[in-house]
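One letter stands for each residue in the lines below.
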Amino acid sequence: MKNRYSIYKNLYGASACLLTACMVLTACDKEKEFTPAMSEAKLINSITFDVSATLPLAIGMDSTIVYSVEAPDDLEDRTIVWKSTDESIARVSQDGTITGVAEGTAVISATPPIGFGATASVKVEIVPEIIKATSLTLTNPREGEVIYETDKIQFEAQVLPADHTYSYLTWKSSDENIATVSSQGLVNCLKAGEVTISALTHDHSGVYGSYVLKVVEYIPVEHVAIEPYTDMICVSMGDIALDVTYTPADATLGSVDWVSSDENVATVDLGIVTPKGFGTTVITATCRATGETASTTISVESGWWIWDTRNEFGEWTVQGQATNGPKIERKDGKLVVTLGSGSKRRADLRLPVNDKNPLYLDIATYPVFAMRCDIPKGGQILWMRLLCQE
């Protein structure tokens, strides 16, 4: 009887809420007849931080976040309020300056004074000391190839030592009329000429790297051919390079338009396919100069997921209980979890799932979840389970 009473009580409460809502709506409609129209309140549209997803900071060290606010031109008050989820670990002043207090993690956020609307946040990891970079080397993965106008190149950066604290870099181009570079090192070649691409560290070490890139004149592709891709593909395996033949061989790759018939399954750019979801899609290349096309069908296997060095173990994070941890690192081709110290130590590996990072399982086809682990000497795994939350 107790359970039944609770159900009736909840139903009654829901009815009361519905009735109240109807009364309020009626009152608002009536009020419109007598109240003159009020101008719509103008608010901040967005707040953007120019910082990495996780900001390392040493105890006693300060760092001021560079940020931008997007708002209507006639909005005079663009003030934002800064907050820390744990001021015993990291404090933040109202100019965006963060101070490391004690080892641990805290989230620093910025919102308008009204407390809702646009917001931005960054996770701050307070460490005992900052390990500064000693060298930074930029690598062009197409070294030795001719680079043409409209080509896109994803530059790579190697920072030493391997256990450096700051991996976030600022990228620059010496001449943006010739080539631009994104915050992630993606170079977009625009015009024939010579340009220097550089990257700068953020640990006050003064270390930077540079690369001189030569861009030559645009030569359009007249004919394109794609070899069928027959290997099994899973969502998490990373990018796939199709076997493509261009005529002439020294033509500009950017003169071919690439299209996927279903971008929920896979996207494509310059012959590089990125799996996004399960199913089948047709990848088509079209020569801008001649209109000639070539196609191939790509199938992404339902329910099959792999996380390894090909995709840097995806978006896995770690949570748990310990004095100095746990923490997670990606190094030497492995995902390394350190439990920390203390009598009670626990580390839970988690994969965040949201609209941008969906996870669909096909239990009927792939009912097994497997994990390969290297256990340090004297260590042990107490238990492992797969917990799925909707």
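Residues numbered from 1 in each chain as written. Predicted model: local features only at pLDDT ≥ 70, side-chain atom pairs only at ≥ 80, totals over all residues. Heavy atoms only, no water.

An unreviewed UniProt entry annotates the protein chain as Ig-like domain-containing protein originating from Bacteroides faecis.

A.B. asks: What am I meant to see in the packing of aromatic side chains here?
C.D. replies: Two aromatic rings, taken as a pair, are described by how far apart their centres are and by the angle between their planes. This model, assessed by the stated rule, comprises four aromatic pairs. Measuring from ring centre to ring centre gives 5.4 Å for Phe-49 and Trp-82, while their planes differ by 10 degrees; the resulting arrangement is stacked. On the criterion of sequence distance, the pair formed by Phe-49 in strand E1 (residues 46–49) and Trp-82 in strand E5 (residues 81–84) is long-range, its members being 33 residues apart. Here Phe-49 and Trp-82 have matching classes, each one buried. A centroid spacing of 5.4 Å and a plane angle of 75 degrees characterise the contact between Tyr-67 and Trp-82, whose relative ring orientation is edge-to-face. (Phe/Tyr/Trp six-rings, centres within 6.5 Å; stacked < 30°, edge-to-face > 60°. Helix = DSSP H or I, 4+ residues; strand = E, 2+ residues; numbered from the N terminus. Buried < 20%, exposed > 50% of the residue type's maximum accessible area, 1.4 Å probe, protein only.)

A.B. asks: Looking at this model, I keep getting lost on the pattern of salt bridges. Mind explaining?
C.D. replies: Charged atoms that come close allow side chains of opposite charge to pair. This structure, assessed with the given rule, holds four salt bridges. When the shortest N-O distance is used, the salt bridge between Asp-151 and Arg-142 registers 3.2 Å. Look at Asp-151 and you get buried, because its relative accessible area is 1%. With a closest N to O distance of 2.8 Å, Asp-257 and Arg-288 form a salt bridge. Of this pair, Asp-257 sits in strand E22 (residues 256–260) while Arg-288 sits in the loop between strand E25 (279–287) and strand E26 (293–300), and the two are 31 residues apart along the sequence. Owing to a relative accessible area of 33%, Asp-257 belongs among the partly exposed residues under this scheme. The network of salt bridges with shared partners includes Arg-142, Glu-145 and Asp-151. (Salt bridge = Lys/Arg side-chain N within 4 Å of Asp/Glu carboxyl O.)

A.B. asks: What is the right way to read the pairing of strand E7 (residues 97–100) from this model?
C.D. replies: A regular strand places its side chains so that they alternate between the two faces of the sheet. Of the two faces of E7, the one carrying Thr-97 and Thr-99 and the one carrying Ile-98 and Gly-100 are both buried. Pairing of strand E3 (residues 62–64) with E7, which is carried by three bridges, proceeds in the antiparallel orientation. The residue bridging Asp-62 from the neighbouring strand is Thr-99, located in E7. Pairing of strand E6 (residues 90–92) with E7, which is carried by three bridges, proceeds in the antiparallel orientation. Counted as the bridge partner of Ala-90 is Gly-100 from E7. (Pairing = 2+ DSSP bridges.)

A.B. asks: Which parts of the structure should I look at to understand the sheet that holds strand E24 (residues 272–275)?
C.D. replies: By way of backbone hydrogen bonds, the strands of a sheet pair with one another, either parallel or antiparallel. The sheet built from three strands is open, its strands ordered E20-E24-E23 with antiparallel pairing. The open sheet terminates on both sides in strands that have one partner only, identified here as strand E20 (240–241) and strand E23 (266–269). Note: E20 against E24, two bridges, orientation antiparallel. Bridging from a neighbouring strand, Ala-241 pairs with Ile-272 of E24.

A.B. asks: Is there a simple way to explain unusual backbone geometry in this structure?
C.D. replies: Apart from glycine, the bulk of residues carry a negative phi angle, and the bulk of peptide bonds sit in the trans form. Between Leu-160 and the following residue, Pro-161, the backbone shows a cis peptide bond with an omega angle of 5 degrees. Along the chain, Pro-161 turns up in the loop between strand E13 (156–160) and strand E14 (170–173). Omega for the peptide link from Thr-247 to Pro-248 comes to 0 degrees, which places this bond in the cis form. Looking at where Pro-248 falls in the secondary structure, it is placed in the loop between strand E21 (244–247) and E22. Here Asp-332, not a glycine, exhibits a phi torsion of approximately 55 degrees, which is positive.

A.B. asks: Honestly, the nonpolar core in this entry has me stumped. Any pointers?
C.D. replies: Side chains of a nonpolar character, in soluble globular proteins, are inclined to be buried together. Judged by nonpolar contacts, the single largest core of 27 residues is most densely connected at Ile-47, Phe-49, Trp-82, Ala-90, Ile-98, Ile-108 and Val-124. Mapped by element, the contributors of at least two residues to this core are E1, strand E2 (54–58), E6, strand E8 (104–111) and strand E9 (120–127). Per-element accounting of this core gives the leading share, five residues, to E9. Ile-47 has contacts with Ser-68, Ile-80, Ala-110, Thr-111, Pro-112, Ala-118, Thr-119 and Ala-120, leaving out every residue within four places of it along the chain. Membership of the second largest hydrophobic core comes to 25 residues, among which are Met-237, Ala-251, Cys-287 and Ala-294. (Core = buried A, V, L, I, M, F, W, Y, C linked by side-chain atoms within 4.5 Å. Contact = heavy atoms within 4.5 Å.)

A.B. asks: Would you mind showing me how to read the confidence of the model for the protein chain here?
C.D. replies: Fine structural detail should not be taken from predicted coordinates in areas where pLDDT scores are low. Residues at a pLDDT of 70 or more form 83% of the protein chain, whose mean pLDDT is 82. Within the model, the stretch residues 1–35 combines pLDDT values under 50 with zero contacts to residues more than four positions away or in other chains. (pLDDT = per-residue confidence, 0-100.)

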